[in-house]
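Given next are the chains, with one letter for each unit.
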Amino acid sequence: MRLHSTTSKALWQVSSPNTKYDSSLTAFLQWIVIDAKVYDLTRFADLHPGGANVLYAPGVAGKDATGVFFGLHRHEVLLRQQYARLQIGTISGQAERIKAPAPGALSLVPYAEPTWLSSGFHSPYYNDGHRQFHKAVRRFFMEEVYPDAIRCEETGKRIPQELVDKLSVMNFLAMRIGPGKHLQGRSLMGGVVKPEEYDHFYELILNLELSRFGTRGFVDGLLNGGVIALPPILNFGSPGIQSRYVPEVLEGKKYIALAITEAFAGSDVAGVQTVAVRDGDDWVVTGTKKWITNGTFADYFTTLCQTDQGSLVLLIPRSENVSTKPVKTSYSPTAGTAYVTFDGARVPASHMLGKVGQGLHVILSNFNHERWMVAATSLGAQRVVVEECLKWTNQRIAFKKPLHSQAVIRAKLALMIERVEACQAWMENITHQMNNMNYAEQSDKLAGPIALLKKFISRSGRETAEDATQMFGGRGITVGGMGKIIENFHRTSPFDAILAGAEDVLGDLGVRQAIRKIPKDARL
């Protein structure tokens, strides 16, 4: 093997794979080859997180350590500046084989992409417009969103305003709310799709791509409060309220959260104890809400209250009588999960969303879209986990063979693939129905199916999380490193099983909806 320097025309002799370890050649042995690139680790050895001895091992020192490296590290490690600068040359006559995917590129790993994005496969649901949109979204997310996703997930800090501004230019939040009048006159993704062409499959693409980073807390922190709190305003708010509050939220100038859940009432939405009392032209609201997504930084709260005449939804601005504090959960604080206290907060009667007594109707009609969205992001994360496991079992050597040579591993992979493909098929079927039903029809016909869909996808996700963790072993329960995506998904997949409705409650809802529609004359 001959090494070609990146800094001069000189050639150095490099150890061949058969070179024997010699402790007298310490300096020489601090050169290693990874994927045709030569790295001088002389100054790095003592800083190596695993200790210098790992680098002096007979299978590493002075050798082509490509296989060893990828058994321990992700490829992204080589791209970091502090490690990339250790490269001193390349092996003459050899070329780099393992490259970082270009922004917007599709994975060639089987089942890493849904079939409509896989070469040679077809779908009745998507057209060329969806494909162009997908490419633009993935490229934008990788270039503009991914760096902040990783940073915020680790630090727990809220999404930076600079990123919100970039997303707002693309009308990201407006698109995530789905098709509708709120898109009129807006440039979507830089003009890739026209507002009148935008359908729920475009929205599905956004949700699936957003969840590919392995950063579950960031997914909710990325303006999810607006996704679930704005629709009640758009569907039940007065024109004056819509024109006053919706634009500034869609443009990223203000933030909003949906405040329903309490310590007293979770899935039992009718059991909320926050009280609104009419006082002249105002409502006075007293009570608490818990586990409110984006609540720590929200400016407004779409809030379910009880009155002496039934339930009511109010849009409550933050004031000196509205306070929030963070709730520590098992995913990143970047989600802004909050405990919200309304201490006699005065709200103008004009901020009513719907009529007194219609609060449950307003909230329940909003649940379909929220549950569909949560299911979609869970599905996107699951597919990434499948790709991670296929890659890992292909490169991980155990018992002197690739991990996937074990029948038990192949059986787990089969189940993971079956689950993610079944979830995708059901998700696309429901999305197709949403495209062909109006709001009232969706409320009537899709509440049960969407509830069952979300339960199926979230439960599938937790089963896949368990299988993936077994494949990755200790790496699957270690924050960061080779198994970071698996660890994050295993730790946070229960959120998908709880948020927007717990699995058992949704399963029961789906069956009760079906029982109600059994024809009275149906008999065996």
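The paragraphs below set out a description of the structure included in this document. Owing to the predicted nature of the structure, the values given are computational and were not obtained by experimental measurement.

What follows is about the overall build of the protein. Each helix and strand counted, the protein has 18 helices and 14 strands in total. Over its C-alpha atoms, taken along the principal directions, the protein stretches across nearly 90 × 65 × 40 Å. Burial status across the protein gives 50% buried among its 524 residues. The contacts in the protein between residues at least 6 apart in sequence include a share of 73% that link residues at least 24 apart.

Now for the layout of surface pockets. In this structure, the second largest pocket spans a volume of roughly 1100 Å³. As for the second largest pocket, its lining consists of 42 residues, of which V269, F367, R371, A500 and G501 are closest to the centre. Those elements that provide at least two residues to the lining of the second largest pocket are α10 (216-221), α11 (224-236), β8 (282-292), α13 (359-395), α17 (484-498) and α18 (503-516). Examining the composition of the lining of the second largest pocket, we find that 10 residues originate from one element, α13, more than from any other. Residue classes in the lining of the second largest pocket are distributed as 23 nonpolar, 13 polar and 6 charged.

With that settled, consider the packing of helix α16 (residues 447-472) against α18. How two helices sit against one another is set out by the angle between their axes and by the gap between those axes. The geometry of α16 relative to α18 is characterised by a closest axis approach of 8 Å and an angle of 145° between their N-to-C directions. Regarding α16 and α18, the two cross each other, and that crossing is left-handed. Contacts from A447, G448, A451, L452, K454, K455, S458, R459 and R462 of α16 reach α18 at E503, D504, L506, G507, L509, G510 and Q513. In terms of residue class, the contact of α16 with α18 is made up of 5 nonpolar, 5 polar and 6 charged.

Moving on, we get to the packing of aromatic side chains. Tallied over the entire structure, the rule returns 18 aromatic pairs. Each ring, one from F141 and one from F213, has its centre 6.4 Å from the other, and the planes form 65°; the classification is edge-to-face. Here F141 is found in helix α6 (residues 128-155), whereas its partner F213 is found in the loop between α9 (200-210) and α10, with 72 residues between them in sequence. The pair formed by F141 and F213 is uniform in burial state, with each residue classed as buried. Plain terms: the ring middles of Y198 and Y202 are 5.5 Å apart, the flat faces sit at 20° to each other, and that makes the pair stacked. In this structure an aromatic cluster arises from ring pairing among F140, F141, Y146, F172 and F213. One Lys or Arg, R158, reaches over the ring of Y255 and ends 4.9 Å from the middle of that ring. Above the face of the F367 ring, R371 is positioned so that its terminal group lies 4.3 Å from the ring centre.

To continue, consider empty space enclosed by the protein. Tallied over the full model, the rule gives 3 cavities of 30 Å³ or more. Volume-wise, the largest cavity comes out at about 130 Å³. Every residue lining the largest cavity is counted, 15 residues in all, and those nearest its centre are S211, G214, R216, A381 and F489. Elements that contribute at least two residues to the lining of the largest cavity include exactly α10, α13 and α17.

Attention shifts here to the environment of Q309. Relative to the helices and strands, Q309 resides in the loop between β9 (300-307) and β10 (310-317). Measuring from C-alpha to C-alpha, the distance between Q309 and V420 comes to 46 Å, with 111 residues separating the pair along the chain. If near-sequence neighbours (up to four positions away) are discounted, Q309 is found in contact with V356 and G357.

A few words now on α6. Compared with the 40 Å implied by 1.5 Å per residue over 28 residues, the 39 Å span of α6 between its first and last C-alpha is a close match. Helix geometry: α6 is bent most strongly at V145, by close to 55°, with proline P147 lying one to four residues after it. Measuring from the backbone nitrogen of G129 back to the side-chain oxygen at the start of α6 gives 2.9 Å, which picks out N127 as the cap. One or two positions beyond α6, positive phi appears at G156, with a value near 80°.

Okay, the environment of G310 next. Within the secondary structure, G310 sits in strand β10. Counting along the chain gives 15 residues from G310 to G295, while the straight-line C-alpha distance between them is 25 Å. G310 has contacts with C305, V356 and G357, leaving out every residue within four places of it along the chain.

Even without being glycine, L223 reaches a positive phi, approximately 65°. With respect to the helices and strands, the residue L223 is situated in the loop between α10 and α11. Its relative accessible area of 7% is what places L223 among the buried residues.

Scanning the model with the defined rule gives 30 salt bridges in all. Ionic pairing is found between K484 and E76, a salt bridge with its closest N-O pair at 2.6 Å. Placement of the pair is K484 in helix α17 and E76 in helix α4 (residues 76-79), with a sequence separation of 408 residues. For E76, a relative accessible area of 24% gives the class partly exposed. A salt bridge links K253 to E251; the shortest N-O distance between them is 3.4 Å. Where salt bridges share partners, they join R74, E76, R80, E388 and K484 into one cluster.

This brings us to a nonpolar patch on the surface. Nonpolar side chains collect at one region of the surface, where V511, I515 and I518 lie side by side and expose about 280 Å² of accessible area between them. Assignment of secondary structure puts V511 in helix α18. Note on V511: relative accessible area 44%, which makes it partly exposed.

Before going further, it helps to spend a moment on the packing of α11 against α13. Between α11 and α13, whose axes approach to 10 Å, the crossing angle comes to 140°. The angle between the axes of α11 and α13 places the two elements in the oblique class. Two packed elements cross with a definite hand, and for α11 against α13 that hand is right-handed. Residue-level inspection shows N224, V227, I228, P231, P232 and F236 of α11 in contact with α13, the latter providing H361, V362, S365, N366, H369, E370 and M373. Each residue belonging to the contact of α11 with α13 can be placed in one class, and the counts come to 7 nonpolar, 5 polar and 1 charged.

On to helix α12 (residues 239-250), then. The end-to-end C-alpha separation of α12 is 16 Å, in line with the 16 Å expected for 12 residues at 1.5 Å each. Taken residue by residue, α12 has I241, Y245, V246, V249 and L250 as its buried positions. All buried residues of α12 lie within an arc of 125° about the axis, which places them on one face of the element. In this structure, α12 carries P239, S243 and R244 as exposed residues pointing more than 90 degrees from its buried face. Looking at the buried side of α12, the elements it contacts are α7 (161-169), α8 (172-176), α11, β6 (256-259), β9 and β10.

Calculation rules
Residues numbered from 1 in each chain as written. Predicted model: local features only at pLDDT ≥ 70, side-chain atom pairs only at ≥ 80, totals over all residues. Heavy atoms only, no water. Helix = DSSP H or I, 4+ residues; strand = E, 2+ residues; numbered from the N terminus. Buried < 20%, exposed > 50% of the residue type's maximum accessible area, 1.4 Å probe, protein only. Contact = heavy atoms within 4.5 Å. 1 Å grid on protein atoms, 1.4 Å probe; cavity = no way out; pocket = protein on both sides within 12 Å on 5 of 7 lines; lining within 4 Å. Points joined across faces, edges and corners; volume = space filled by probe spheres on them. Nonpolar A, V, L, I, M, F, W, Y, C, P; charged D, E, K, R; others polar. Axes fitted to C-alpha atoms, helices over the stretch in contact; angles between N-to-C directions. Left-handed = near helix turned anticlockwise from the far one by under 90°. Phe/Tyr/Trp six-rings, centres within 6.5 Å; stacked < 30°, edge-to-face > 60°. Lys NZ or Arg CZ within 6 Å of the ring centre and 35° of its normal. Expected span 1.5 Å × (residues − 1). Bend = angle between axes of the 7 residues up to and from the residue. Polar contact = N/O pair within 3.5 Å; in protein donor to acceptor, adjacent residues only side chain to side chain. Salt bridge = Lys/Arg side-chain N within 4 Å of Asp/Glu carboxyl O. Patch = residues over 30% accessible without salt bridge, like charges linked within 9 Å, V, L, I, M, F, W, Y side chains within 5 Å. Areas by Shrake-Rupley, 256 points an atom, 1.4 Å probe, with all protein chains shown as cover. Parallel < 35°, antiparallel > 145°, perpendicular 65-115°, else oblique. Arc of directions from axis to C-beta.

Keep in mind that these numbers describe shape and distance, not what the molecule does.
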